[in-house]
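Report on the structure
Here is what each chain is made of, one letter per residue.
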Amino acid sequence: MFLGAGPLRGDMASFTVVVGDPETGTSHRFEADGQDANRFLGKSIGEEVDGGAVGLDGYTLEITGGSDDAGRPLNEGVAGSQLKEVLMTGRQSGYRPRRDGERRRITVRGREISDAAAQVNTTIVERGDVDVAELLDGDE
């Protein structure tokens, strides 16, 4: 049975969620799969997600970016979750020009999180009652 391109639709989504803490300057890595990963699906860069999906109860996370399994970045200027070739000028996510005025066509993924995402980058917007370090001490 053909289920379309990309991962099999019968599989549950799973990816790595990197949570940046702007107060301490540290980042923490979590694995999200099953129902927890489904909370991210369909969300776009800039939207907020409940931190309970990665074990940070009471926290609110903002999606800041991500990448797929081939390392292609999510691009805020591209709608949807499909691959698209974009002409990049200046420094952007996924492109660093080598000379002044250099332009290059780069393949990027749209701003929406889909099951093709391998990593989702987030930052803490609202803090919960318990400190992040205390929540992580219980997990390790």
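For the structure, check the block above.
All of the points below concern the structure found in this document. Just so it is clear, the structure is predicted and the values come from calculations on it, not from any experiment.

This part covers the sheet that holds strand β7 (residues 117–126). Sheet strands associate in pairs through backbone hydrogen bonding, adopting either a parallel or an antiparallel arrangement. A sheet is described by the order of its strands in space; here five strands give the open sequence β2-β1-β7-β4-β3, paired in mixed fashion. If you trace the sheet from one side to the other, it starts and ends with β2 (26–33) and β3 (48–50), each paired once. On average, each strand axis in the sheet is inclined to that of its neighbour by 35 degrees, with strand direction left out of account. Here strand β1 (residues 14–21) pairs with β7 via five bridges, running parallel. Looking at β7, one finds that Val18 is bridged to Asn121.

Turning our eyes to something else, we now look at the pattern of salt bridges. Applying the stated criterion across every chain yields a total of six salt bridges. Linking Arg109 and Asp68 is a salt bridge whose minimum nitrogen-to-oxygen distance equals 3.1 Å. Placement of the pair is Arg109 in strand β6 (residues 103–109) and Asp68 in strand β4 (residues 60–68), with a sequence separation of 41 residues. Judged on exposure class, the residue Arg109 and its partner Asp68 are both buried. Here Glu102 ties to Arg104 by a salt bridge, and the two come within 2.8 Å at their closest N and O atoms. Three or more residues joined by partner-sharing salt bridges are found here, namely Asp21, Glu23 and Arg127.

Applying the stated rule across the entire model yields one aromatic pair. Geometrically, the ring pair formed by Phe15 and Phe40 is edge-to-face, given 5.9 Å between the ring centres and 80 degrees between the ring planes. Of the two residues, Phe15 sits in strand β1 while Phe40 sits in the loop between α1 (35–38) and β3, which places them 25 residues apart along the sequence. With respect to burial, Phe15 and Phe40 carry one shared label: buried.

Thresholds, definitions, all that
- Residues numbered from 1 in each chain as written.
- Predicted model: local features only at pLDDT ≥ 70, side-chain atom pairs only at ≥ 80, totals over all residues.
- Heavy atoms only, no water.
- Pairing = 2+ DSSP bridges.
- Helix = DSSP H or I, 4+ residues; strand = E, 2+ residues; numbered from the N terminus.
- Axes fitted to C-alpha atoms, helices over the stretch in contact; angles between N-to-C directions.
- Salt bridge = Lys/Arg side-chain N within 4 Å of Asp/Glu carboxyl O.
- Buried < 20%, exposed > 50% of the residue type's maximum accessible area, 1.4 Å probe, protein only.
- Phe/Tyr/Trp six-rings, centres within 6.5 Å; stacked < 30°, edge-to-face > 60°.

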